[in-house]
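What follows is the residue order along each chain.
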Amino acid sequence: MGQHILSGNPPIEVNLRRSARARRLSLRVSALDGRVTLTLPPGLPESEALEFARSKQSWLAGHLADRAPEVAIVPGASLPVEGRMLRLEAGTGRRVVVCGDALYVPASDPARLQAWLKALARDRLAAASDHYAGLLGRPYARLTLRDTRSRWGSCSSTRGLSYSWRLIMAPPDVLNYVAAHEVAHLEQMNHSPAFWAVVARLMPEYGEHRTWLRRSGTALHRYRFD
C-alpha cells in the first residue's frame, strides 16, 4: 500500500500493508532495522489507520529512540567476528587480515570486508553442517548463504540448507547450534518434541545458545556494509 510520513520531530516513516487475515489494526516496530509497519484489516479506510498511527506517535518515537544505533564500517569501529570484538583498521595489502584485536581491511572497503566475512561464514557453516549431518547419517544437498532478517537458517524439503552469513559474527557455539538445528530438520521437518530431541542428541547444551540468539541476535544486524 505504500509509505506515509508522520510529521514531527523526528518524522516517522510508516509502511502500510493490508492483510486479508488481519482482524484489527496492528502497529509494529522491527527490532532488526526499525522499520515501522501498519497492518490494516480488509475494508478499513486508510485514513482511519493513519489516525491510529498518529495517536501512537509518541510510543513509536520512544521505541525508535531506544534502538541501538547502527554501526558504519569505518576505521575505528568495532565489529564482532566469531564472537570476538575486533577494531577495524585501514589495511595496505589486498587481503583482510586479523592481527591481535585489529581487523585490517584493504582501503577500508566495506564490500571487501563483507566478502571476507561471507567466505569465513561459508567455511564454518559447511564444516558444522558436515559434522552434524555425519552424526545423523543424513546428508544435505546444498548450502547457501543469505542476509535473512526473519530467520537464521532454514532447511528445504529438497535437503537444502540455508543460513544467514551474519552468524559468523556470533560466538562459534551459537553458529554450531544453528547448524545442528537445521541439520535436525533433515530427520524431522517440524518443531515437534521429536525434532527437539534430535537437536539435543546433536548438541545437548543447545538451550544456552538458542537463548543467546534470542537475546543478542538482533544486534548482529546493526552493522551496515552499504
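For the structure itself, look to the data block above.
The text that follows walks through the structure, step by step, so that each part is easy to find.

Let's talk about the side chain of H209
Step number 1: The residue H209 is located in helix 6 (residues 206-216) in this model.
Step number 2: By relative accessible area, H209 is classed as buried at 7%.
Step number 3: Sequence-distant contacts of H209, defined by excluding residues within four places in its chain, comprise D173, V174, Y177 and M203.

Let's talk about the sheet that holds strand 11 (residues 153-155)
Strands in a sheet are paired, the pairing made by backbone hydrogen bonds, and the direction either parallel or antiparallel.
Step number 1: Pairing in this open sheet of three strands is mixed, and the strands run 10-12-11 from one edge to the other. The sheet is open, and its two edges are formed by strand 10 (142-146) and strand 11, each paired on a single side. Going from strand to strand, the sheet's axes swing by 15° on average, the running direction of each strand aside.
Step number 2: Here strand 11 pairs with strand 12 (residues 160-164) via three bridges, running antiparallel. The partner of G153 across the bridge, within strand 12, is Y163.
Step number 3: Lying over the sheet, helix 3 (residues 110-136) contacts strand 10 and strand 12, oriented at roughly 145° with respect to strand 10.
Step number 4: Along the sheet face, helix 4 (residues 172-184) touches strand 11 and strand 12 and points at about 155° away from the line of strand 12.

Topic: the environment of P110
Step number 1: By the element assignment, P110 lies in helix 3.
Step number 2: If we skip the residues at most four places from it in the chain, P110 touches I73 and F225.

Observations concerning unusual backbone geometry
Step number 1: We note that E82 has phi near 50°; this positive angle belongs to a residue other than glycine.
Step number 2: Tracing the backbone shows E82 in the loop between strand 6 (78-81) and strand 7 (84-91).
Step number 3: Positioned with a positive phi, R159 is a non-glycine residue whose angle comes to about 70°.
Step number 4: Tracing the chain through its elements places R159 in the loop between strand 11 and strand 12.

What to know about the pattern of salt bridges
Step number 1: Considering all chains together, one arrives at nine salt bridges under this definition.
Step number 2: For R54, the salt bridge identified is with E51, shortest N-O distance 3.4 Å. Taken as a pair, R54 and E51 lie in helix 1 (residues 46-55) at a separation of three residues, close to a single helical turn.
Step number 3: Overall, the relative accessible area of 47% leaves E51 in the partly exposed class.
Step number 4: Where E187 meets R201, a salt bridge forms, and the shortest distance between an N and an O atom there is 3.6 Å. Taken together, the positions of E187 in the loop between helix 4 and helix 5 (193-202) and R201 in helix 5 put the pair 14 residues apart, joining distant regions of the chain.

Observations concerning the sheet that holds strand 3 (residues 26-29)
Step number 1: Taking strand neighbours across the sheet as the criterion, the four strands line up as 1-2-4-3 in an open arrangement whose pairing is mixed. The open sheet has two edge strands with one neighbour each: strand 1 (2-6) and strand 3. The average undirected angle you get between the axes of adjacent strands in this sheet is 30°.
Step number 2: Bridge analysis of strand 3 against strand 4 (residues 36-40) gives four bridges, and the strand direction is antiparallel. In the strand pairing of strand 4, R28 is matched with T37.

Section: the side chain of S19
Step number 1: Take S19: it is sitting in the loop between strand 2 (12-18) and strand 3.
Step number 2: Here S19 falls in the buried class, since its relative accessible area comes to 13%.
Step number 3: Of the polar contacts made by the side chain of S19, one reaches the backbone nitrogen of R21; its length is 3.2 Å.
Step number 4: Those residues in contact with S19 that sit more than four places away from it in its chain are T39, L40, P41 and P42.

So, the packing of helix 3 against helix 4
Step number 1: Packing of helix 3 against helix 4 leaves a shortest axis separation of 9 Å and a crossing angle of 45°. When the axes of helix 3 and helix 4 are compared, the pair comes out oblique. Regarding helix 3 and helix 4, the two cross each other, and that crossing is right-handed. For the pair helix 3 and helix 4, the contacting residues are R124, L125, A128, S129, Y132, A133 and L136 in the first and L175, N176, A179, A180, V183 and A184 in the second.
Step number 2: Class assignment of the residues belonging to the contact of helix 3 with helix 4 gives a composition of 10 nonpolar, two polar and one charged.

Criteria and cut-off values
- All residue numbers refer to position in the chain's written sequence, counted from 1.
- For a predicted model such as this one, the threshold for reporting local features is a pLDDT of at least 70, and the threshold for listing and counting side-chain atom pairs is 80 or more; totals across whole chains, interfaces and linings nevertheless cover every residue.
- Computation of side-chain values covers all heavy atoms of the structure but excludes hydrogens and water.
- Put simply, DSSP H or I for four residues or longer makes a helix, DSSP E for two residues or longer makes a strand, and each gets a number counted from the N terminus.
- Burial status follows relative accessibility: with a 1.4 Å probe on protein chains alone, a residue under 20% of its type maximum counts as buried, one over 50% as exposed, and anything between as partly exposed.
- The contact rule is simple, with two residues in contact once any of their heavy atoms fall within 4.5 Å.
- Any two strands with at least two DSSP-identified bridges between them are counted as paired.
- Angular values range over 0 to 180 degrees, each being the angle between N-to-C directions of two axes fitted as lines to C-alpha atoms, with helices fitted over their stretch in contact.
- By salt bridge we mean one thing: a side-chain nitrogen of Lys or Arg within 4 Å of a carboxyl oxygen of Asp or Glu.
- N or O atoms within 3.5 Å of each other form a polar contact, as long as, within protein, one can give a hydrogen and the other can take it, and as long as residues adjacent in sequence are counted only when both atoms are side-chain atoms.
- Oblique is the label for any angle not under 35 degrees, not over 145, and not in the 65 to 115 range, which are roughly parallel, roughly antiparallel and roughly perpendicular in turn.
- Two helices cross in a left-handed way if the nearer one is turned anticlockwise from the farther one by less than a right angle. They cross in a right-handed way if the turn is clockwise.
- Polar here means any residue outside two lists: the nonpolar Ala, Val, Leu, Ile, Met, Phe, Trp, Tyr, Cys and Pro, and the charged Asp, Glu, Lys and Arg; Gly therefore counts as polar.

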